[in-house]
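Below, each chain spelled out in residue letters.
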Number of protein chains: 2
Amino acid sequence: MSQRIKIKALLESDETNIDVTVKGWVRTFRNNQFIALNDGSTNNNVQIVVDFENTDAALLKRITTGAALSVTGTVVPSLGKGQKIDIKAKEIEVLGDSDPEKYPLQPKKHSLEFLREIAHLRFRTNTFGAIFRVRNSLSFAIHQFFQDRGFVYLHTPVITASDAEGAGETFHVTNFDIANPPRTESGEVDYKQDFFGRATNLTVSGQLEGELGAMALSDIYTFGPTFRAENSNTTRHLAEFWMIEPEMAFADITDNMNVAEDLLKYVISYALDKNKEDIEFLSQRLQEEDKQKPQNERQEMTLLEKLQFCLDNNFERLTYTEAIDILKESTPNKKKKFQYPVEGWGTDLQSEHERYLVEKHFKKPVILTDYPKEIKSFYMRQNDDGKTVAAMDILFPGIGEIVGGSQREERLDKLEQRMDEIGIPKDELWWYLDTRRFGACPHAGFGLGFERLVLFVTGMGNIRDVIPFPRFPKNAEF
Amino acid sequence: MSQRIKIKALLESDETNIDVTVKGWVRTFRNNQFIALNDGSTNNNVQIVVDFENTDAALLKRITTGAALSVTGTVVPSLGKGQKIDIKAKEIEVLGDSDPEKYPLQPKKHSLEFLREIAHLRFRTNTFGAIFRVRNSLSFAIHQFFQDRGFVYLHTPVITASDAEGAGETFHVTNFDIANPPRTESGEVDYKQDFFGRATNLTVSGQLEGELGAMALSDIYTFGPTFRAENSNTTRHLAEFWMIEPEMAFADITDNMNVAEDLLKYVISYALDKNKEDIEFLSQRLQEEDKQKPQNERQEMTLLEKLQFCLDNNFERLTYTEAIDILKESTPNKKKKFQYPVEGWGTDLQSEHERYLVEKHFKKPVILTDYPKEIKSFYMRQNDDGKTVAAMDILFPGIGEIVGGSQREERLDKLEQRMDEIGIPKDELWWYLDTRRFGACPHAGFGLGFERLVLFVTGMGNIRDVIPFPRFPKNAEF
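Counting restarts for each chain, with residues numbered from 1 along the sequence as it is written. By the order in which they are written, chains take letters starting at A while ligands take numbers starting at 1. pLDDT decides what is reported in this predicted model: residues at 70 or higher carry local features, side-chain atom pairs at 80 or more are listed and counted, and totals for whole chains, interfaces and linings draw on all residues regardless. Each side-chain value is derived from all of the structure's non-hydrogen atoms; neither hydrogens nor water enter the calculation.

### Quick look at the overall build of chain A
Inclusion rule: Only DSSP runs of H or I covering at least 4 residues are called helices, and only runs of E covering at least 2 are called strands; the numbering of each starts at the N terminus. In short, Shrake-Rupley with a 1.4 Å probe defines the accessible areas, and a residue's cover is counted only from the protein chains shown. As used throughout, the charge tally considers Lys and Arg to be positive and Asp and Glu to be negative, leaving His and the chain termini uncounted. For the purpose of locating charges, the reference atoms are NZ of Lys, CZ of Arg, CG of Asp and CD of Glu.
Within chain A, the regular secondary structure consists of 14 helices and 16 strands. C-alpha extents for chain A along the principal axes are approximately 85 × 60 × 45 Å. By element, 45% of the accessible surface of chain A is carried by carbon and sulfur atoms, the whole surface being about 19400 Å². Charge-centre separation for chain A: the mean point of 59 positive side chains lies 5 Å from the mean point of 74 negative side chains.

### A closer look at the domain arrangement of chain A
All names here are of chain A. Spelled out, the test is: The source of the domain bounds is an automatic or database domain assignment. We call two residues in contact when some of their heavy atoms are within 4.5 Å. Values labelled buried area give the accessible surface lost by two parts on being combined, using a 1.4 Å probe and summing over both. Any carboxyl oxygen of Asp or Glu that lies within 4 Å of a side-chain nitrogen of Lys or Arg is treated as forming a salt bridge with it. Note on residue classes: Ala, Val, Leu, Ile, Met, Phe, Trp, Tyr, Cys and Pro are nonpolar, Asp, Glu, Lys and Arg are charged, and everything else, Gly too, is polar.
By the assigned domains, chain A splits into domain 1 (7–104) and domain 2 (124–169 + 204–465). On a C-alpha basis, the centroid separation for the pair domain 1 and domain 2 is 44 Å. On the domain 2 side, the residues contacting the nine residues of domain 1 number eight residues. At the boundary of domain 1 with domain 2, total buried surface from both sides reaches about 710 Å², with 25% on carbon and sulfur atoms. On the domain 1 side of the interface with domain 2, the three residues burying the most area are R27, N43 and Y103, jointly 63% of the side's total. In this assembly, domain 1 and domain 2 are joined by zero salt bridges. The residue inventory of the side of domain 1 that touches domain 2, partitioned by class, reads two nonpolar, six polar and one charged.

### Thoughts on the packing of aromatic side chains
Let me state the cut-off plainly: Ring pairs shown here join Phe, Tyr and Trp side chains whose ring centres sit within 6.5 Å, with only the six-membered ring taken for Trp; geometry is labelled stacked below 30 degrees between planes, edge-to-face above 60, and tilted in between. Type-normalised accessible area, obtained with a 1.4 Å probe on protein chains alone, sets the label of each residue: buried when under 20%, exposed when over 50%, and partly exposed for intermediate values. Should the NZ of a Lys or the CZ of an Arg lie within 6 Å of a ring centre and within 35 degrees of the ring normal, that charge is described as sitting over the ring.
Taken as a whole and judged by the stated rule, the model has 59 aromatic pairs over all chains. Consider the rings of Y153(A) and Y221(A), whose centres lie 5.1 Å apart with planes at 20 degrees: the pair is stacked. Taken as a pair, Y153(A) in strand β6 (residues 152–153) and Y221(A) in strand β10 (residues 219–227) lie far apart in primary sequence, 68 residues in all. A single burial state applies to Y153(A) and to Y221(A), both of which are buried. Between F140(B) and Y270(B), the aromatic rings sit 6.3 Å apart at their centres with planes inclined by 55 degrees, giving tilted as the arrangement. Of this pair, F140(B) sits in helix α4 (residues 126–148) while Y270(B) is found in helix α6 (residues 253–274), placing the two residues 130 residues apart along the sequence. A residue is classified by how much of its surface remains accessible, and Y270(B), at 15% relative accessible area, is buried. The positively charged end of R149(A) is found above the aromatic ring belonging to F145(A), 3.7 Å away from the centroid. Over the aromatic face of W345(B) sits the side chain of K387(B), whose NZ or CZ is 4.6 Å from the ring centroid.

### Describing the packing of helix α8 (residues 303–312) of chain A against helix α14 (residues 450–458) of chain A
Residues and elements named next belong to chain A. This is how the line gets drawn: Lines are fitted to the C-alpha atoms to define the axes, a helix being fitted only along its stretch in contact, and any angle between axes, read from their N-to-C directions, falls within 0 to 180 degrees. Throughout, the term roughly parallel applies to angles under 35 degrees, roughly antiparallel to angles over 145, roughly perpendicular to angles from 65 to 115, and oblique to all others.
The geometry of α8 relative to α14 is characterised by a closest axis approach of 8 Å and an angle of 120 degrees between their N-to-C directions. For the element pair α8 / α14, the angle class is oblique. Here L303, K306, L307 and C310 of α8 lie close against α14, whose contacting residues are F456, V457 and T458. By residue class, the composition of the contact of α8 with α14 is five nonpolar, one polar and one charged.

### Notes on the confidence of the model for chain A
For clarity, the cut-off: Values of pLDDT, the confidence the predictor places in each residue, fall between 0 and 100.
The share of residues in chain A with pLDDT of 70 or more is 98%, and the mean pLDDT across the chain is 95. Scored as a complex, the prediction yields pTM 0.97 and ipTM 0.97.

### With respect to the relation of the copies chain A and chain B
Rules: In this comparison the copies share one frame, found by least squares on the C-alpha atoms of residues holding pLDDT of at least 70 in both.
The transform that puts chain A on chain B rotates by 180 degrees and translates by 0.0 Å along the axis, for an RMSD of 0.0 Å. Expressed as a symmetry operation, the mapping of one chain copy onto the other fits a two-fold axis. For chain A, the minimum C-alpha distance to the rotation axis belongs to V173(A) and amounts to 2.4 Å. Both copies present the same face, since 100% of the interface residues in chain A are matched by interface residues at the equivalent positions in chain B.

### Describing the interface of chain A and chain B
Quick note on the threshold: Polar contacts, as counted here, are pairs of nitrogen or oxygen atoms within 3.5 Å of one another; within protein the pair requires one atom able to donate a hydrogen and one able to accept it, and residues that are adjacent in sequence qualify only if both atoms are side-chain atoms. The pairing criterion for strands is at least two bridges between them, as found by DSSP.
Taken residue by residue, the interface counts 117 residues in chain A and 117 residues in chain B. Between chain A and chain B the total buried area reaches about 9300 Å² when both faces are included, carbon and sulfur atoms providing 63% of it. The tally of links from chain A across to chain B stands at four salt bridges. D219(B) is the salt-bridge partner of K6(A), the closest N and O atoms lying 2.4 Å from each other. Between chain A and chain B we count 45 residue pairs in polar contact (both at pLDDT 80 or more) in total. Top contributing element to the side of chain A that touches chain B by residue count: helix α4 (residues 126–148) of chain A, with ten residues. When the residues that make up the side of chain A that touches chain B are grouped by side-chain class, the tally is 58 nonpolar, 30 polar and 29 charged. Pairing of strand β8 (residues 172–174) of chain A with strand β8 (residues 172–174) of chain B, which is carried by three bridges, proceeds in the antiparallel orientation. By the bridge assignment, H172(A) is partnered in β8(B) with T174(B).

### A closer look at the sheet that holds β8(A)
Pairing within the open sheet is antiparallel, and its six strands lie in the order β7(A)-β9(A)-β8(A)-β8(B)-β9(B)-β7(B). Here the strands that pair on one side only, and so sit at the sheet edges, are β7 (159–160) of chain A together with β7 (159–160) of chain B. Bridge analysis of β7(B) against strand β9 (residues 200–202) of chain B gives two bridges, and the strand direction is antiparallel. Bridge assignment links I159(B) to a residue of β9(B), and that residue is L202(B).

### Brief notes about the sheet that holds strand β15 (residues 400–407) of chain B
Sheet strands line up and pair through hydrogen bonds in the backbone, either parallel or antiparallel. Residue and element names in this part refer to chain B. One open sheet holds the eight strands; their spatial order is β6-β10-β11-β16-β15-β14-β13-β12, and the pairing between them is mixed. Edge positions in the sheet fall to β6 (152–153) and β12 (316–319), since each has one partner strand and no second. Sheet topology places strand β11 (residues 240–249) next to strand β16 (residues 443–449); five bridges connect them, and they run antiparallel. If you follow M248 over to β16, its bridge partner there is A444.

### Comments concerning the side chain of D434(B)
With respect to the helices, strands and loops of the structure, D434(B) is situated in helix α13 (residues 430–437). In this structure D434(B) comes out as buried when scored by relative accessible area, which is 9%. Polar side-chain contacts of D434(B) include one of 2.8 Å to the side chain of R437(B). Setting aside residues up to four positions removed in sequence, D434(B) forms contacts with H120(A) and L121(A).

### Topic: the pairing of strand β4 (residues 68–77) of chain B
Residue and element names in this part refer to chain B. With respect to burial, β4 is a largely interior element, seven of its ten residues being buried. Both strand β1 (residues 19–30) and β4 contribute to a ladder of seven bridges, which runs antiparallel. Within β4, the residue paired with T21 across the bridge is T72. Inspection of the sheet shows β4 paired to strand β5 (residues 85–96) by ten bridges, in the antiparallel sense.

In structure tokens form, the structure reads like this:
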């Protein structure tokens, strides 16, 4: 194929009066003369100037929104504003037509709901091009952060026989004909005959396996898909989502908080640097969306300001107990504006409480620590007070919980006692308990919900818009 | 926690006469005096010299293989050979004991089979530490390669309703109680009531969705888990494995081969650079294993030589048709040494044929192109001869197929005709066909089996040893 230059590289160069070939898709074609061409390498289009008087009319008719073109021409200083250069076309080839009567993406504003139904084409819009380039940068920045610090990327299993964490409803994985699974003599499904010789499901977390790696390699992280079969039709939940789970040997809860805060700042900073134009576009988009809202519902900061604010300020760290005190004394609680009134110590925090702390009280990201053990997982390290565990959750404005982590219970007796208390079968987790039998050490880790991070950095409002093909109740299209 | 230095960083520094703290696990403890401590950051241990005369006997007894220690001491020039420095211990704390009567990993050589049964602990051996550090580097190098070239990392869905590719047996994913799924009036399983409102399974490939991204972003890649429910109990197959699938718009089969060859060389070179000691260790390991074999079964090259050879030589490129001619005329074919004799054009190549081409005939990696359309997938671009498709497979010594790819059929009529011929339902793939309706363009891509790459670079013989927790028939432990 003839060498082409990507539009991003072309627009970053100042050279004019050279001949280049670009390839991409038509966004608009105005006055039979100006093609806005985009190839996905950047949010910006290059303008192709067509010598329409000397161009075949049949060819001109085929230059429609969505068509794929190869264009060779001369780079010239731009006639219009905003862009430094145009391409004066010498040769235009239509590689793939796009019937304007049938092409679903017209050159106008479509609703996000409509675009979700044509998720196979929404990559071709400014908004989704920007989102998925930002998502890409965030992914890579996560790897870069951990690699720079000597963490080993560990692929923990997706199919698992243990649902011991009890983190929620799981999807079953089976090779059986579901209409007619083999049965034992007593009529139960005979999982011994299933592919793995036992009942299996999709993982809800790679943490337990991650700990096994950390107990030898010191620092590991996972970055893989996780699954919840919860019937949650919200803007914050997906049935299939990606999670990052670092696990660190010889680390306590303070180390854990430091790494999580550094990670979040690093990846936000990376995206701001690599995807400036995309984030500026998304920031602008959000401001326009905001204008449609009543004054009191509008954001105090633009997206760009919010991201910068996150970088410039330390996250507020306080205990659950301190947070409860603040909430109890808060105006909305006293005025009974909370749907769930905060009455005392021990209850789980609701989204409205988290948002109050982050958005109203501290006006910055918050790390809450030392939650009551009853509302947290069995593997979290028990504090000396006998009531709390060394948990830490990071709450972000507009997002709520973006990170959940803890120091892990490394003491075998305490861990087994807690498992007994809440009925987690120890024999299923023999391998997990082995790490407490042989060379246990203080260790800690956390889970970062990747889509929630992308939501935050792109300023989007619905988690279904920040993953290419969202999976949620009644939807597995594409 | 007190600041510690990782052993890798310590051994890379030349500084002596400073005090440091290291933390890790005991590999061996000789003569009540010399601890070999490893923290997973490197294959090398640091030697701790214990002043046993002035150390509590009770403490000495607790320094056993597998125990987790924190050691503070002075860095001194090494007494032994191989290592430049030792640590003269001032303070030793046992963070976690390891009962030598019960710890499964004794300081001796264990079989790989045994270690597979204790996969939760095998990270603590030299061999598996090296393997998983190399795996980590290969993962990151893949991201780095594509990021440097402007590819967008795309997370394609794991749960999917389309099994249209027909790439093999899939696992079912369901939220039903398998013992008693809801039925329609006619007695069939009523998938409308399942979580996604239809029957779903685990993806066998992200390619089709990847193409959707490429048709807007130009260059994308996936790197995620894929699944095959095939009852293959071999050293080359897993039920759950990771795959890298780049997809490039405006690219043909030659571009495809160039990118694949560049990628493989880049990541091998990266691992050789970053993991020199690990690969040297694995190379040594393989040589020792080789010594147990009869002369004629031994490798001609060491692992290090084989990897370097791969970097220094162009992969041999030839068509399937040319390969068949070579195989027909080959000595093993004439002497009827092949289990499957090569009789003529049109048959699929068996592993023995691939190995002959790569290991005996060309003695280097081989790219085979232009296979008969009957033995390849429906989406591959049909060549003008009417018989072959623009497929390309890369074959590696000792591994066989490591990459499979093709230029994709971008012409709607040809694609639909082929789907009709082999009975692939077009309505299920409406979204895939849409990319051929609206702005189609020549494009190409391939799939790289990640574990096969790790096998090649580590020189291991069984794919179950290069993924942390392998999934295969009758096994989903950990």
